Amino acid sequence: MLNTNRVELLRGTLDLIILQALATMGPLHAYALASRLEQLADHPLMLNQGTLYPALVRLEQKGWIKGAWRKTDANRDAKYYTITKSGRRAIDRQAERWRRLSGLVNKLLLHER
Amino acid sequence: MRRFLQRALHLLRFKRPEADLSREIESHLVLLQDAHEARGLSPQAARRAARLALGGVLQTKELHGDARAFPWITDARQDARYALRTLRRSPAFVTVAVVTIALGVGANAALLSLVESVLWKPLPVRAPQELRLLGWVSGPNDVMTYTSGPTVTSSSGERIETPFSYAVFAALRRDDAVLAGLSAFRAVSGVTAIVAGRPEMINVQLVSGNYYAMLGVSPALGRPITADDDRAAAAVGVISDAWWSRRFSRATSVIGQSIVINQMPVVIVGVNSPAFTGASPGDAPDVFLPLSLQPGVFPNLYGTSASLLDDPAAWWLSVVARLKPSTDDARARSLLEPRFQQAVAASLPDRTARDQPRLRMLDGLRGVDLLRERFGAPLRILQGIALVALLLACANLAALLLARGGSRRREMNLRVALGASRGRIARQVLTEGLLLAVAGGGLGLELGYATRNAIPSVLGPSWQPAPFTAAFDVRVVGIGIGLVVATGLLFSLAPTWRLTQGAMEGALKNGGRTTPREARRLGHVLVVAQVALSAVLLASAGLFVRTLWNLDRTDLGFRPDRVMLFALNPPRSRYPAGQRGPLLEQLEQAIQAIAGVQSVGLSTSPLVGRDRSTTSVGPDGRPPRRGDVDRAWLNDVGGQFFEAMGIPVFQGRVFDTRDRAGSAPVVIVNQQFVRRFFPSGDALDRIVLTNGVRYRVIGVVGDTRFWDVRSPAPPTLYRAVIQTPDPGGVTFEIRTAMDERALVGPLRRTVASIDAELTLFDMRSQQDQVEATLSQERLLATMTTLFAVLAMALTCIGVFGVVASAIARRTSEVGIRLALGARRQEIFLMLLRETARVAGIGMALGALSFIAVSRVLGRFLYGISPWDPATLGCALFLVLLATLTAAAVPAGRMTTLSPTAALRHE
C-alpha cells in the first residue's frame, strides 16, 4: 500500500531533482528520468513510479516543464519533458532556499557543539 | 494559483487527459520492457517485470488523477454513485425518509415565505433603509379633537399613534437639516368609482405631491403625481397594476381616460408597477390621488367644512420621512422634536395647556407596517412550531438510520480492512444522508411553493381577498437550501459517528458488533428527544384547540345566526347631508318587503367586525373628562337594529317613529354603560352629553361584544342614525327565517331598484363576520394540530425503529429466558419497561420544556391558562400511549419467537 505521507515529504526534493536533471541532461521521458533518479539516489523506494508521475503533473501544471510526444531512438513513442524558462528560474529559487536552510541547520548544529 | 486553475479546468474535461496518461503509462511500460528484454528476458517475462517495476498502474493513475484534479470531487462523485446504489436497496426506508423531510422542509419553506412577506421584505422603493415612520405619544388630555389612523407597537413595546394633522405635516416638511423628504398619505376605503358607466367600490390612497418623488418610485406607465398636481388640486390619479388588469384589461389607452370618483371626474395619468402597492404592506389601493382632493374623497364629518387639510385639530395623515444619507437617528430626533412641538403649539395655540404630544420615530423599512402588527406574532409562533417539527423529523431519521446501520456493520468493517480511512467512511455515510436530504428537501421546497398562499387566504375574511401574499423569493429559497443541508448533516451525524467509530475499533474480530451500551444510549437519546418534542407540540395544539373552542362558545350578547350583512356608502354628491337619512329609511323599508326577511336594521359599525368608533360622554350632562376615563363606544343604528341582531331590551324602548330628525335627541345605552356611568343603576330618562348634544336615555339593552369575540363588552352608546347630522357609510343587518345566503340576489335587486348607481359591497353573513375575527385562532389551532399529528406519526415510526433494533440485539437473551421457562407475558413487559422508562424521561423533559415555552403562548389563549394541567396531562398521556403502542409491535413479535430460533440467532 502506498504511504501518501512519504510522498508529501519528498515532494520538494523530488521536484528540484527532476528540474535539475532536465536542465543538465536536456529533454527526457519518464522512464529515462526514473533511471536517472535511480542512479542518483541510494534509496530505491524513493523512485517508485507512483511518486514520479504526480510530480511530473505538478511541474507541468506550474508551467516549469513542458511535455511533448516524440519518437525515441528505438522508434518508440514517448512523452518527452523539457524544462521551461520559468522552470530554470524555479531551480535557482529552490536551490537558494535549500542552501539557506542547510546553512542554518549547519550553524545550529555547530553552535550546539 | 495557476495550479488551481489547471485543476479546475481539468475537472471539466476529465476524459481526455485519462487517455493521455494511459498512453504515457503504456509507453513507459514498453520502454521498461525493452530494457528488460535487452538484459535477456523473454518478452512475457520482460513485460511482467516492467509491470512490477512500474508499480500499481491503477494506483499511479489514481495518484495522477488526484494531482490533476480535485481529489475530493472525484471522491464525492464516487460516494454519490455508491450511495444511490445502497439507497435503492431499501425503498421503504427511502420513501419514509424523503416524505418526512419533504413535509418538514415544505412547512418551513411555506412559513418562511410568509414571514418574508409579513416581517422582512422591505418596501419596493429607493433606499428603504433611509425611511422612518413618524408617530407620537401623548398623555390622556391630548390636543386632538379627531384622531383616525393606525396605532403601532414599537420594538420596545410602546404603543405609538401615527396620524398627524396637515398643519403639523406641512411645518415638519420645511426642515432641510436632516430630512431628504417628507410625505404624507392616507388610505380611504369604501369609495365609489364609476368606470365606463359601471359603479364599483374601490380603495383610494390620498398622497402628498412629493410622495412618488420622495419614495423614488416611478409608475410603469404614464407619469406620477407631482407637487404641482397637489398644489393645483388637479383631478388626476395613478391607478394600481391590479386594478388596471381587473377593470381596464391592461389597455394602454387608460392614460388620459376619465373616471368618476365619488362624483368627481378624475383623469388617469399613470399606472403603477405591479410591485408597488403603496407604503403600507397589506394595503392595496386601487387609485392614488393628490392629498388636495381630500374633501371630495374623505370628507370631514365633524368640522365646519369638508376639508381636513384646514383643520389643525384633525389628525388623520400617516407621515413617512426620508433621512439624509449620513444622518443618524439621534440627531434627526433631536432636530425634529422641537420643530414638531412648535408646529403643534402654533397650529393649536389655545390648547397649549393640554398634554402635548411627543414625537417618535420608527423604522420605516416597511412603511406603515400593519401586517407585522396583525400577523407577526402568530406567524412567528407557527415558524417556531415548524422548526420544532423539522428537528423532530431529523431525530426520527437519525433513529431510523441508526437502526438501519446495524446491518451495515460488516460492510463498514470490510472497507476499513481494505484501507478506507475513517474520514472516507464518514464521507460516504454523510453523502447518503445528504442525498436523502436533497431529495426530500427539493420535494419539500416545491411543496412549500405550491402551498405558500394557503395560509394567507385563511387569515383574511372569506369575502375579501387575502390580506397579503407569500413572497417566495431568493432569500426564502436560499434559507430553504440552507435548512436542507443542515437537516441532512444533522440527522447523518449520529449514525455516521457511530458507524465509523464501530468500524475503526477493530471490528471484524468482534463479529462486527460494537459495544451494545453505546448503541442503546444513542437510541435512547433520540427517543427521548422525539417524545419530548412531540409532547410540546401536542400540548401546544391542545391549548390552541381549547382556545378556539372557548371562543366559539362565548356568548356574544346577540344572535349571529341567520343574519345577512352588507355595507353601503351613498356617494355624497348625489346624497348630501339632508338626503342621506331618508334614503336609508327608504332602503330599509324596501328590504323589509323582501320575502323571508324578518327584520332589518342598520348601524355605522357592524358588531364583531374590528370596527369601532368611540366618543367622550358626560353623564348627567356634565362635561366629559379628557382621556379614556369618560369614553364610550358609539354605534349609530337605525331600523329594527336590536330586533335584527337579537339584542335583548331590558328597560325602556328602542328607537321608533317618534324619533325623527328634528325631535328630541335620544340614546340607548347598554348595561355596561349603566354600570360605568350610572352606578346607582337607573339610567332611564337621564341625560348623556356627547359631541355637544344632550341626549336623553330611553332604553337599556344587553351587553354585546363590539370589536371582536375576545374583548369584553364595552360601555356602548347607541344613537339613532336619523338623528345624526350626516351619516356616512352604514352596514345593513337583515334577519331571515331561512338560509341567509338566499338573500344575496334579492338584496342587490332591491337596492338597484331604488338607485342603480348605489353599490353594496362586503356582503357576508354575521356568522362569517364573527368567524373572520377568529381566523388567527383557527389558523393556530389547525396548524398546531396538523404538526402535532405529524409529530406523533414520526415519533411512532422512530420509536418503532429504535426499539426494533434494540430488541433484536437482545434476541439471544430472550431465547435464554424463554428456554429457562420465563412466561411470554413477562418477557413482553420486560421489553416494554425499557421503552417506558425512556419515554418517561422524554415526557418529563417535554413537560419542563413546555412549561418554559408556554409563557410565550399566553397572549394567544382565551379562557385557559398556558399551564393548564389537563391539557399537558392529556398530551403526555397520548404521547406515552403512542410510544408504548409503537414499541409493543416489535416486542410482541419477539415474544412469539421459538426459544431455539432465538438461541440460534447470533
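Further up the page is the structure itself.
Right, let's walk through the structure included here. (Residues numbered from 1 in each chain as written. Chains lettered and ligands numbered in written order. Predicted model: local features only at pLDDT ≥ 70, side-chain atom pairs only at ≥ 80, totals over all residues. Heavy atoms only, no water.)

Topic: the overall build of chain B
Here is step 1: A count of helices and strands for chain B gives 28 helices and 26 strands.
Here is step 2: Once the C-alpha set of chain B is aligned to its principal axes, its extents read approximately 130 × 75 × 55 Å.
Here is step 3: Residues classed as buried in chain B amount to 52% of the 906 residues present.
Here is step 4: Considering only intrachain contacts with a sequence separation of at least 6, the fraction spanning at least 24 residues in chain B is 80%. (Helix = DSSP H or I, 4+ residues; strand = E, 2+ residues; numbered from the N terminus. Buried < 20%, exposed > 50% of the residue type's maximum accessible area, 1.4 Å probe, protein only. Contact = heavy atoms within 4.5 Å.)

Regarding the pairing of strand 1 (residues 131-137) of chain B
All names here are of chain B.
Here is step 1: Taking burial as the measure, the seven residues of strand 1 include seven buried ones, the bulk of the element.
Here is step 2: Burial along strand 1 is two-sided: Leu-131, Leu-133, Gly-135 and Val-137 and Arg-132, Leu-134 and Trp-136, pointing in opposite directions, are all buried.
Here is step 3: One ladder, built from three bridges, connects strand 1 with strand 13 (residues 318-323); its direction is antiparallel. Within strand 13, the residue paired with Leu-131 across the bridge is Arg-322.
Here is step 4: The pairing of strand 1 with strand 14 (residues 358-363) spans six bridges and is antiparallel. Of the residues in strand 14, the one forming a bridge with Leu-134 is Met-361. (Pairing = 2+ DSSP bridges.)

Regarding the state of the cysteines
Residues and elements named next belong to chain B.
Here is step 1: According to the stated counting rule, one finds zero disulfides over all chains in the structure shown.
Here is step 2: Looking at Cys-394, it has no disulfide partner, and the nearest cysteine sulfur is the one in Cys-796, 18 Å off.
Here is step 3: Given the relative accessible area of 4%, Cys-394 is considered buried.
Here is step 4: With no disulfide of its own, Cys-874 has Cys-796 as its nearest cysteine by sulfur position, at a separation of 17 Å. (Disulfide = S-S within 2.5 Å.)

Here we look at the packing of helix 23 (residues 766-773) of chain B against helix 24 (residues 775-809) of chain B
When two helices pack together, their arrangement is captured by the angle between the axes and the distance separating the axes.
Residue and element names in this part refer to chain B.
Here is step 1: Where helix 23 contacts helix 24, the two axes come as close as 4 Å, and the packing angle between them is 65 degrees. Across the interface between the two elements, Glu-771, Ala-772 and Thr-773 of helix 23 pack against Ser-775, Glu-777 and Arg-778 of helix 24.
Here is step 2: Within the contact of helix 23 with helix 24, the residues separate by chemical class into one nonpolar, two polar and three charged. (Axes fitted to C-alpha atoms, helices over the stretch in contact; angles between N-to-C directions. Nonpolar A, V, L, I, M, F, W, Y, C, P; charged D, E, K, R; others polar.)

Some words on unusual backbone geometry
Residues and elements named next belong to chain B.
Here is step 1: A positive phi angle, near 50 degrees, is found at Asn-262, a position not held by glycine.
Here is step 2: What makes Asn-262 buried here is its relative accessible area of 15%.
Here is step 3: Its identity as a non-glycine residue notwithstanding, Arg-610 has a phi of 50 degrees, on the positive side.
Here is step 4: Along the chain, the position of Arg-610 falls in the loop between strand 16 (597-603) and strand 17 (614-616).

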